[in-house]
Amino acid sequence: VQLVESGGDLVQPGGSLTLSCAASGFTFSYYAMNWYRQAPGKERELVARISSGGGYTNSADSVKGRFTISRDNAKNTVYLQMNSLKPEDTAVYYCNTVHDTQPVWGQGTQVTVSS
């Protein structure tokens, strides 16, 4: 079971970025997926989640209206589209699921929002 994030970068405030998470080793379409983030000195927080079929999504109040989670079950990939980025969005972003009652994490991808 493996999750591999990509797409992190340095971006200016107000900019956009799309993160991807490629899944392997399990039947991706059966599992809900989550994006978390962890800023320096802070606890890891849930950013957004999506149901197995993609019909249900939810996101943290801090990113509502700016971030969109989506998935492509044919490609075993979940995405996080991030718009109107702010310096406080700077963090390492992690993809996550729960497989056989165990949490599975990717290695993370760094997003830095700075001018």
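This text gives an overview of the structure that appears in the document. Here, residues in each chain are numbered from 1, in the same order as that chain's written sequence. The predicted origin of the model limits local features to residues at a pLDDT of at least 70 and limits the giving and counting of side-chain atom pairs to 80 or more, whereas totals for whole chains, interfaces and linings rest on all residues. Values shown for side chains rest on all heavy atoms present in the structure; no hydrogens or waters enter the calculation.

**Describing the side chain of T90**
Part 1: In DSSP terms, a helix is any run of H or I states spanning at least four residues, a strand is any run of E spanning at least two, and both are numbered starting from the N terminus. Residue placement: T90 occurs in the loop between β8 (77-82) and β9 (91-99).
Part 2: Polar contact is defined as a pair of N or O atoms within 3.5 Å, subject to the rule that within protein one atom must be able to donate a hydrogen and the other to accept it, and that residues adjacent in sequence are counted only when both atoms are side-chain atoms. Engagement of the side chain of T90 in a polar contact is seen with the backbone oxygen of P87, the distance being 2.9 Å.
Part 3: Those residues in contact with T90, other than ones at most four positions away along the chain, are A39, Q110, V111, T112 and V113. Two residues form a contact once any of their heavy atoms are found within 4.5 Å.

**Focus: the sheet that holds strand β1 (residues 2-6)**
Part 1: Think of it this way: DSSP has to see at least two bridges between two strands before they count as a pair. Reading across from one edge, β1-β3-β8-β7 is the order of the 4 strands in this open sheet, with antiparallel pairing throughout. Only two strands of the sheet have a single partner each, and these edge strands are β1 and β7 (67-72). Averaged over all adjacent pairs, the angle separating strand axes in this sheet is 15°, with direction ignored.
Part 2: Where β1 and strand β3 (residues 17-24) come together, 5 bridges link them in antiparallel fashion. Every axis corresponds to a line fitted to the C-alpha atoms, with the helix fit spanning only the stretch in contact, and the corresponding angles, defined between N-to-C directions, vary from 0 to 180 degrees.

**What to know about the pattern of salt bridges**
Part 1: Salt bridges are defined as contacts in which a side-chain nitrogen from Lys or Arg sits within 4 Å of a carboxyl oxygen from Asp or Glu. Counted according to the given criterion, the structure contains 4 salt bridges.
Part 2: With its nearest N and O atoms 2.6 Å apart, the salt bridge here joins E45 to R37.
Part 3: Residue E45 is classed as partly exposed on the basis of its relative accessible area of 33%.
Part 4: For R37, a relative accessible area of 6% gives the class buried. Burial classification: accessible surface area is computed with a 1.4 Å probe over protein chains only, and a residue below 20% of its type maximum counts as buried, one above 50% as exposed, and the rest as partly exposed.

**Some thoughts on the nonpolar core**
Part 1: By size, the foremost hydrophobic cluster in this structure holds 28 residues, and its most contacted members are W35, V78, L80, M82 and Y93.
Part 2: Elements with a minimum of two residues in this core: β3, β4 (33-38), β5 (45-50), β7, β8, β9 and β11 (109-113). Remark: nonpolar core denotes a set of buried residues (Ala, Val, Leu, Ile, Met, Phe, Trp, Tyr, Cys) joined through side-chain atoms within 4.5 Å.

**Let's talk about unusual backbone geometry**
Part 1: For S84, which is not glycine, the phi torsion reads 50° and is therefore positive.
Part 2: Here S84 is to be found in the loop between β8 and β9.
Part 3: For S84, a relative accessible area of 41% gives the class partly exposed.
Part 4: Although it is not a glycine, T101 sits at a positive phi angle of roughly 70°.
Part 5: Relative to the assigned elements, T101 resides in the loop between β9 and β10 (102-105).
Part 6: According to the relative accessible area criterion, T101 is exposed, its value standing at 68%.

**Overview of the environment of Y56**
Part 1: Inspection of the secondary structure assignment puts Y56 in the loop between β5 and β6 (57-59).
Part 2: For Y56, a relative accessible area of 47% gives the class partly exposed.
Part 3: Once residues lying within four places of it in the same chain are set aside, the contact partners of Y56 are R49, I50 and S51.

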